[in-house]
Amino acid sequence: MNKKTLIGLAFSLAASAGYADSIQENLKRAAPALAHYNQNVLENDLWKREGLSPRDRSVVSVATLVAAGKTEMLPQEFARALDNGVKPAELSEIVTHLAFYAGWNNAVAAADELADVYEDRDIDANDLPGADVELLPLDEEFEAMRENSVQTNYAPTSQGVADFTREPLFRDVWLRPDLSPRDRSLVTVSSLVANGQAEQVPFHLNRALDNGLQQAEASEALTQMAFYVNWPNVYTAMPIFQKVFDGRK
Amino acid sequence: MNKKTLIGLAFSLAASAGYADSIQENLKRAAPALAHYNQNVLENDLWKREGLSPRDRSVVSVATLVAAGKTEMLPQEFARALDNGVKPAELSEIVTHLAFYAGWNNAVAAADELADVYEDRDIDANDLPGADVELLPLDEEFEAMRENSVQTNYAPTSQGVADFTREPLFRDVWLRPDLSPRDRSLVTVSSLVANGQAEQVPFHLNRALDNGLQQAEASEALTQMAFYVNWPNVYTAMPIFQKVFDGRK
Amino acid sequence: MNKKTLIGLAFSLAASAGYADSIQENLKRAAPALAHYNQNVLENDLWKREGLSPRDRSVVSVATLVAAGKTEMLPQEFARALDNGVKPAELSEIVTHLAFYAGWNNAVAAADELADVYEDRDIDANDLPGADVELLPLDEEFEAMRENSVQTNYAPTSQGVADFTREPLFRDVWLRPDLSPRDRSLVTVSSLVANGQAEQVPFHLNRALDNGLQQAEASEALTQMAFYVNWPNVYTAMPIFQKVFDGRK
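The name that an unreviewed UniProt entry assigns to chain A is Carboxymuconolactone decarboxylase family protein, with the source organism given as Marinomonas aquimarina.

This is how it looks when you write it as structure tokens:
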């Protein structure tokens, strides 16, 4: 979006309603059938299903939108997440986490939207976790395994990637206390499905299940992702999920 | 794009021309060689090629942009589609269809742009197909095969995905009459190439050819996609298309 | 982004600061931990690493953002690129090149942002390479090999793609003199990693190394891409890079 463009538009056209209203309004004006599915299928059927709490559905929905760099529905989904019990600190940590798993730019764009939502609700930066927090204890055994694998398989190709994966990613970001390891794993898996990164799913889905995500929750998260990511990515992900499920029997 | 930002920009800078003009203008200002290719190769060569009608080129172009969540060229391509004979009802159905195949957010963002195009041309929501339409007859044999395959292979991983795939996707969306099955298939295949979802191409390309798309049209659609998606996705798709073509000999 | 929306926002809310400032400000407000990583890890650690010049880091960063259609960080990265010694003509050529490798819409959107950066710095379209430039000499041997491969393997699927790949892509775009073949290859490889197009990496990474990119530079470019693309795409790319490195020993 170009600066000049914005100003031209702003001064040469008449004013209308707010942003979220406008999106729903334009949906009805341009694709009335989709507006119907939005109300009857997405809102009334999907969000009211059992098997995954509204709070976790919001975690999945927000994570997929942030991960894929989609901002149009973000304001409404950030707001819904807060209504569903996702804490402001958790939303901030989701955005920070996804800077690594879905690219810096997508996290920056999401923070830009989140700042507005926080302002509307009088949530202040001082209420959010900053850089200095007491980290969760490191799982030394897992970390030794992970570090050994990365040093052996990836450091010869790019030492820098291997180094930043250790610090700050696994010895800092993942240990920040305001988003549980189970939620970080759910966010990571959602991001991988959102961006079609099937190769990386088994490691992180296994970790999610180790971190306390139930298999039935992972199954239902796929249902949420059908709408918030898309059908084809979810169909590609399903056999990979099933293989992980089978491997843990 | 942040609310605060927009307002700051709007009031602190001077006004300029409209949006579509601005995009062409900025192309000339920032990348004059690309502006040249845009005129001489994309407009004069690509769009005037034989082998695929201008109307179908518009279907492919709009579908790929909507599917990939690209909005900058959408206003001009929606307008061109209408000029090329794609009906307003068809554009609405394309957007609704892609909510499932390319993600809800991309469809919502596209509807937001399409509403403006309709307004410019005095196309009203009442002229567009709503939720209640008489559905095309169900192909019972195909549907039984599809349902059986999904229940066997995918429902054990996520019953919800399998259920929503049946209803509303295959027993409602696909049967809506204002976009032909052939066009829905062309839109779906274009979306899969746009988002690099090669795994799902064979099923939908075969269906497209069953639904009346000619093989020569599919070949030429790839040419259109080289520009509207990108070269690498098209090069990855070509062997998959060829395998489908060969399998039908 | 919808026209109506913009105007409503512009007139119904109060003004604030400029765009780049606002992004940093909102990062601090919504995700203070990410603002910290942005300063301490991305700015202070990543950008000051050895192994790849600041100029080349900018080429990689700009190419990945343009390729993935990410515009939020583009203004700051275009500006940083100019500060780091990337020439205005080179930035324009990067955008033009990526119209083919990452899709026309992403290039058009990037040009829209770049026009503003050029205007801020009084860089005029007349200072940039236009359509008529003296092309670099064609490597006849490579071109015969490439053309033969495309005609044999791809033209039967889509003659149009094969034809446009020759002209304008390989006999015009790649030979434009204001971006070196080495830089075009680095841009292309960065684009492929950004868009998760692993299949096409070996051809272009080998070409990059043939065109003068050092293996150590390619390794360090992956480190830059971890932040500017994302961790999973880079982890998927690393074994592919390693296989190319091993094949050249």
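A. Representation of helix α13 (residues 231-247) of chain A within the structure. Residues and elements named next belong to chain A. Helix length check: α13, at 17 residues, gives a terminal C-alpha distance of 25 Å against a target of 24 Å (1.5 Å per residue), a fit within 8%. The largest bend in α13 amounts to roughly 30° and is located at Ala-237, with the proline Pro-239 lying one to four residues further along. α13 sits mainly inside the fold: twelve of its 17 residues count as buried. Two to three positions downstream of the cap, the backbone nitrogen of Asn-233 sits 2.8 Å from a side-chain oxygen, assigning the N-cap of α13 to Asn-230.

B. Structural view of the side chain of Arg-176 of chain B. Here Arg-176 of chain B lies in the loop between α9 (159-170) and α10 (181-194). A polar atom in the side chain of Arg-176 of chain B sits 2.8 Å from the backbone oxygen of Gly-130 of chain B.

C. Geometry of the UniProt feature "domain: Carboxymuconolactone decarboxylase-like" (unreviewed entry) in chain A. Residue and element names in this part refer to chain A. Those residues carrying the UniProt feature "domain: Carboxymuconolactone decarboxylase-like" (unreviewed entry) are residues 32-113 and 169-242 in this numbering. The span residues 32-113 carries 74% helix and 0% strand; its end-to-end C-alpha distance comes to 27 Å. From the first C-alpha to the last, residues 169-242 spans 28 Å; its make-up is 70% helix and 0% strand.

D. Summary view of the nonpolar core. Counting 249 residues, the largest nonpolar core has Phe-227 of chain A, Phe-227 of chain B together with Phe-227 of chain C as its most contacted members. With sequence-adjacent residues up to four places away left out, Phe-227 of chain A is seen in contact with Val-41, Leu-42 and Leu-46 of chain A together with Phe-100, Gly-103, Trp-104 and Phe-164 of chain B.

E. Just unusual backbone geometry, in detail. Residues and elements named next belong to chain B. A cis amide bond links Glu-167 with the next residue in sequence, Pro-168, at an omega value of 20°. Turning to its location among the elements, Pro-168 is positioned in helix α9. Despite not being glycine, Asp-122 shows a phi value in the positive range, around 55°. Relative to the assigned elements, Asp-122 resides in the loop between α7 (104-120) and α8 (140-153).

F. Here's a closer look at α8 of chain B. The end-to-end C-alpha distance of α8 of chain B is 20 Å, a good match for the 20 Å that 14 residues give at a rise of 1.5 Å each. Listed in full, the buried residues belonging to α8 of chain B are Phe-142, Glu-143, Arg-146, Glu-147 and Val-150 of chain B. Buried residues in α8 of chain B, looked at end-on, bunch into an arc of 125°, giving them a common side. Residues of α8 of chain B that are exposed and point more than 90 degrees away from the buried face comprise Glu-140, Glu-141, Asn-148 and Thr-152 of chain B. Next to the buried residues of α8 of chain B lie α13 of chain A together with α9 and α11 (201-210) of chain B.

Criteria and cut-off values
- Residues numbered from 1 in each chain as written.
- Chains lettered and ligands numbered in written order.
- Predicted model: local features only at pLDDT ≥ 70, side-chain atom pairs only at ≥ 80, totals over all residues.
- Heavy atoms only, no water.
- Helix = DSSP H or I, 4+ residues; strand = E, 2+ residues; numbered from the N terminus.
- Expected span 1.5 Å × (residues − 1).
- Bend = angle between axes of the 7 residues up to and from the residue.
- Buried < 20%, exposed > 50% of the residue type's maximum accessible area, 1.4 Å probe, protein only.
- Polar contact = N/O pair within 3.5 Å; in protein donor to acceptor, adjacent residues only side chain to side chain.
- UniProt positions renumbered as here; feature names shortened; annotations may be inferred.
- Core = buried A, V, L, I, M, F, W, Y, C linked by side-chain atoms within 4.5 Å.
- Contact = heavy atoms within 4.5 Å.
- Arc of directions from axis to C-beta.

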